[in-house]
Structure formats: structure tokens, C-alpha cells
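Examining the three-dimensional arrangement
Now for the letters of each chain:
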Amino acid sequence: QLVPWLGDHKIGDDVLLPAAAYVEMALSAGLRAMERPVEVRHLEIGRPLALPWPDPTPIALQTSVTPDDGALTISVREEHGGECRPAVRAQVRTLLGTAPPPLDADALRARCHDGLGGTDFYRTCHRVGLNCGPAFQLIEHLDIGEGEVLLSYRLAHPADAYTVHPVLLDAPLQATVALSELTAESAGFLPTVFGSVRVWRPPASTGIAYSISWNRT
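The following paragraphs examine the structure supplied in this document. Because the structure is predicted, anything quoted here is derived from the model rather than measured.

Considering the side chain of Asp 170
Position of Asp 170 relative to the elements: it lies in helix 4 (residues 166–175). Here Asp 170 sits buried without a salt bridge, and the closest side chain of opposite charge, Lys 10, lies 15 Å off (N-O distance). Contacts of Asp 170, omitting those with residues within four sequence positions, involve His 9, Pro 18, Ala 20 and Phe 136.

Written as C-alpha cells, this is what we have:
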């Protein structure tokens, strides 16, 4: 297995390919196709991809990028000799602008009054069906406020082969559980759309990440 950590991303009893893995594939494919850092826009995942585990070898993924317009497609073959079918569509374009300023962690912690340790957080995740195994348990602490959460993480996996390691990309998505009503119906959802993803520099193996929730009306 080239990526044994995948087996620790379970929703219920099923091993699913993380949405963060699709995002990383788009970032890296865009970088290779356009020969410069890219922004991933309007990434849409058509359906979850369950992986047969511990032997996922029937599954094959293929990523294509059209440099002229930045159209990106990730296709999936789910059985030997089967047809590759589009599963993810997105657009990549040259990364423009400047990086945002660093997070003011002290100010965020000052208004996020509820704290939660990593062990208790993952116990809550398991209760709502997000069964993160040890390889995906990188969150060490969360400071939770009204519609926002600041998390501290520690990534144990080598990340040199990635633009951003998918397990690290998954951490802010996991943290949304702390902002939900903590029921299987409200917390155990899967992200399917990413409006924009920008990576300004390689993230450190230890650090903080910030997530907010907002409602469209």
C-alpha cells in the first residue's frame, strides 16, 4: 500500500477517500500542468468513493488538466478492466495576490472560551460516525467560540511528496464537528464543494488552523 494512512479515514464502517485527497490531487496536478502554484476553484465531488480495504488495488484514479482553460477532472475506475468515470470537476488558475497575514492566535483564543482536548474531540467524532483512526488523529486541542474554532495539530506523516498532505488538509474539515449540534445527522456530513483553495507556502508539521461556520440564507 502506497498510502496506508487511507485506511484510517472511515465514515461508519466504510473506508472513504477523503475530500482532502481530491483537493491535494488538484493542487499538485495543477502545479505540474501549469508549472507554477495554482488556486483550485469550484471543486465539486460527485459522490463518495468507498475503498475496498485492506486491498484497494481495483481502484484507479486519473487526473487530467487542460492548461488552456484550467479545466480539471479526476476520474475513477472502480474495478479491473472497468471504465474510468468522472468523479470530480474543478478549475485551476495561476495563484495570484499576496498571502494573508498570520493568524493572531492570542486574540482568537481570547474570544474562544471553550476548550476541548484531542482525545475527547475524537471520542465525539466517533460518536457521530466520523471514525478517524490513529493516522487521522492529528488535532491536539481546540479552542471553540461562537461559529469559530482554533485548532492545534501535529502531523506525524512525511509530507515532502505533497503540496499539502491530505491528512493535514483534513484537520479543518474535522474541526467542523466541534461547531455542529453533535448528532449523526448534523455532524457526520461529507464535504462535496470547495469554492476556492489557495496554498501560499508549505504548512509546518505542527501548528494551528482556523475554521469558521457561516450560513447562506
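Structure shown, so let's carry the discussion forward.
Points about the sheet that holds strand 2 (residues 14–15)
Spatial ordering of the open sheet is given by 2-1-8, a layout of three strands whose pairing is antiparallel. Looking at which strands have only one partner, the edges of the open sheet turn out to be strand 2 and strand 8 (130–132). The pairing of strand 1 (residues 9–11) with strand 2 spans two bridges and is classified as antiparallel. Note that in strand 2 the partner of Ile 11 across the bridge is Asp 14.

Quick word on the side chain of Asp 143
In this structure, Asp 143 sits in strand 9 (residues 139–144). Here the side chain of Asp 143 touches Arg 109 through a polar contact of 3.5 Å, side chain to side chain. Once residues within four sequence positions are removed from consideration, Asp 143 is found in contact with Arg 109, Cys 112, Asp 114, Glu 148, Val 149 and Leu 150.

Notes on the layout of surface pockets
When its volume is computed, the second largest pocket comes out at roughly 660 Å³. As for the second largest pocket, its lining consists of 21 residues, and the residues nearest its centre are Leu 2, Val 3, Leu 6, Leu 17 and Leu 61. Elements represented by at least two residues in the lining of the second largest pocket include exactly helix 1 (19–34) and strand 4 (60–66). Ranked by residues supplied to the lining of the second largest pocket, first place goes to helix 1 with four residues. Split by residue class, the lining of the second largest pocket holds 16 nonpolar, three polar and two charged.

With respect to the sheet that holds strand 10 (residues 148–154)
The antiparallel open sheet is built from four strands, whose spatial order is 7-9-10-12. In this open sheet, the two edge strands, each paired with only one partner strand, are strand 7 (114–117) and strand 12 (206–212). Averaged over all pairs of adjacent strands, the angle between their axes in this sheet comes to 20°, without regard to strand direction. Both strand 9 and strand 10 contribute to a ladder of five bridges, which runs antiparallel. In the strand pairing of strand 10, Asp 143 is matched with Leu 150. Contacts from helix 3 (residues 118–127) reach strand 7 and strand 9, with the element oriented near 85° to strand 7.

Observations concerning the state of the cysteines
Throughout the structure, instances matching the rule amount to zero disulfides. Looking at the unpaired Cys 112, the closest cysteine sulfur is the one in Cys 125, lying at 17 Å. Cysteine Cys 125 remains unbridged, with the sulfur of Cys 132 as its closest cysteine sulfur at 5.3 Å. For Cys 125, a relative accessible area of 0% puts it in the buried group.

Some remarks on the packing of helix 1 against helix 4
It is the contact of helix 1 with helix 4, at a shortest axis distance of 8 Å, that shows an interaxial angle of 125°. Considering their axes alone, helix 1 and helix 4 lie oblique with respect to each other. Relative to helix 4, helix 1 is oriented so that their crossing is right-handed. Residues Ala 20, Ala 21, Val 23 and Glu 24 of helix 1 touch helix 4, and the partners they reach there are Pro 166, Leu 169 and Asp 170. Per-class residue counts for the contact of helix 1 with helix 4 are five nonpolar, no polar and two charged.

Parameters and conventions
- Sequence positions are assigned chain by chain, starting from 1 and proceeding in written order.
- With pLDDT at 70 or above as the cut-off, local features in this predicted model cover only qualifying residues; side-chain atom pairs require 80 or more to be listed or tallied, and sums for whole chains, interfaces and linings still use all residues.
- For side-chain calculations, the full set of non-hydrogen atoms in the structure is used, while hydrogens and water are omitted.
- Runs of E in the DSSP output that reach at least two residues are strands. Runs of H or I that reach at least four are helices, and both are numbered from the N terminus.
- Burial classes: relative accessible area under 20% of the type maximum marks a residue as buried, over 50% as exposed, and values in between as partly exposed (1.4 Å probe, protein chains only).
- We count Lys and Arg on the positive side and Asp and Glu on the negative side, and we leave His and both chain ends out.
- The salt bridge criterion pairs a side-chain nitrogen of Lys or Arg with a carboxyl oxygen of Asp or Glu, the two atoms within 4 Å.
- We call two residues in contact when some of their heavy atoms are within 4.5 Å.
- In short, DSSP must find at least two bridges between two strands for them to pair.
- Polar contacts, as used here, are pairs of N or O atoms within 3.5 Å; protein pairs need one atom able to donate a hydrogen and one able to accept it. Residues neighboring in sequence count only if both atoms are side-chain atoms.
- Residues are said to line a cavity or pocket when one of their atoms sits within 4 Å of a point; the points come from a 1 Å grid over protein atoms alone, cavities being sets where a 1.4 Å probe fits but cannot get out and pockets being open sets with protein on both sides within 12 Å along at least five of seven lines.
- Grid points are joined across faces, edges and corners, and a volume is the space filled by probe spheres set on the points.
- All residues other than Ala, Val, Leu, Ile, Met, Phe, Trp, Tyr, Cys, Pro, Asp, Glu, Lys and Arg, Gly among them, are scored as polar; the first ten of these are nonpolar and the last four charged.
- Axis geometry follows a simple rule: fit a line to the C-alpha atoms, using only the stretch in contact for helices, then measure angles between N-to-C directions, giving values from 0 to 180 degrees.
- Note on disulfides: each one is a pair of cysteine sulfur atoms within 2.5 Å.
- For classification, angles of less than 35 degrees are called roughly parallel, those exceeding 145 degrees roughly antiparallel, those between 65 and 115 degrees roughly perpendicular, and all remaining angles oblique.
- Helix crossings get a hand from a simple test, with the near helix turned counterclockwise from the far one by less than a right angle marking a left-handed crossing and a clockwise turn marking a right-handed one.

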